[in-house]
Amino acid sequence: EAGVTQSPTHLIKTRGQQATLRCSPISGHTSVYWYQQALGLGLQFLLWYDEGEERNRGNFPPRFSGRQFPNYSSELNVNALELEDSALYLCASSLVGSRETQYFGPGTRLLVL
Amino acid sequence: AQSVAQPEDQVNVAEGNPLTVKCTYSVSGNPYLFWYVQYPNRGLQFLLKYITGDNLVKGSYGFEAEFNKSQTSFHLKKPSALVSDSALYFCAVRDFQGAQKLVFGQGTRLTINP
């Protein structure tokens, strides 16, 4: 069974540009989560999508946004990139329910110059 | 708010020795606790979780964790360490307050010396 996939693996942008990151969940999983892993800040929750709806977001500015498609894949968009947005962005998927395990993809490393 | 703490930034163990990576939690209600491992330039790999039931949870790659309610701890253990166990380990707790998100500890760098 295929795991969570993310693309691209690496992304280099300049300040002010927009970045789009993509995630495909494990087959059968309807929930997708996005986390940011920045140096010195640990793993921070960004967004949670389920059944095409944004269910919750973390403490990030509105320029971080995303969506979930009918096939449950998801996209994270970061507008007006800032240097501090440089980080590893991890996507996870799970079945619905608080007891369910979140399985992570390999991540997209975003570098903002 | 739910939180976990990993008191050690780094743990060094000789190959073949038992290893312990510590995690303490602070939650309201019953905790759902998880351990993940991250190898260099990789995502997180799920090791094990505690939801309810036996306090000793067995997971992948020979790892296990002991849930201790009185000490609010969920330490990760392995009887005999391998050099390939060297990685970054994260403890996490499920947040029930609307987000269903995982709240992570700051991570512990485990180094197994040959």
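Residues numbered from 1 in each chain as written. Chains lettered and ligands numbered in written order. Predicted model: local features only at pLDDT ≥ 70, side-chain atom pairs only at ≥ 80, totals over all residues. Heavy atoms only, no water.

Asker: Hey, could you run me through the overall build of chain B in this one?
Answerer: Looking only at helices and strands, one finds zero helices and twelve strands in chain B. The helix and strand sequence of chain B, counted from the amino end, reads β-β-β-β-β-β-β-β-β-β-β-β. The globule rule puts the C-alpha radius of gyration for 114 residues at 13 Å, and the 14 Å found for chain B is close to it. Overall, chain B is about 45 × 30 × 20 Å in size when its C-alpha atoms are taken along their principal axes. Across the 114 residues that make up chain B, the buried fraction comes to 47%. Within chain B, contacts between residues separated by at least 24 positions form 56% of all contacts whose residues are at least 6 apart in sequence. For chain B, the centre of its 10 positive side-chain charges and the centre of its 8 negative side-chain charges are spaced 6 Å apart. (Helix = DSSP H or I, 4+ residues; strand = E, 2+ residues; numbered from the N terminus. Rg over C-alpha atoms; globule rule 2.2 N^0.38 Å. Buried < 20%, exposed > 50% of the residue type's maximum accessible area, 1.4 Å probe, protein only. Contact = heavy atoms within 4.5 Å. Lys, Arg positive; Asp, Glu negative; His and termini not counted. Charge placed at Lys NZ, Arg CZ, Asp CG, Glu CD.)

Asker: It is not clear to me how the interface of chain A and chain B should be interpreted in this structure. Could you clarify?
Answerer: Where the parts come together, the accessible area they lose is often given as the size of the interface. Contact residues are listed per partner, giving 21 residues for chain A and 21 residues for chain B. Counting each side, the surface lost to burial between chain A and chain B is near 1,800 Å², with a carbon and sulfur contribution of 54%. Considering only the surface of chain A that becomes buried against chain B, L43, S98 and R99 of chain A emerge as the three largest contributors, covering 32% of it. Summed over the shared surface of chain A and chain B, the result is zero salt bridges. In this structure, the connection of chain A to chain B is made through ten residue pairs in polar contact (both at pLDDT 80 or more). Mapped onto the side of chain A that touches chain B, the elements with two or more residues apiece are strand 4 (31-38), strand 5 (42-50), strand 9 (87-94) and strand 10 (103-104) of chain A. When its residues are assigned to classes, the side of chain A that touches chain B shows ten nonpolar, eight polar and three charged. (Buried area = accessible area lost by both parts, 1.4 Å probe. Salt bridge = Lys/Arg side-chain N within 4 Å of Asp/Glu carboxyl O. Polar contact = N/O pair within 3.5 Å; in protein donor to acceptor, adjacent residues only side chain to side chain. Nonpolar A, V, L, I, M, F, W, Y, C, P; charged D, E, K, R; others polar.)

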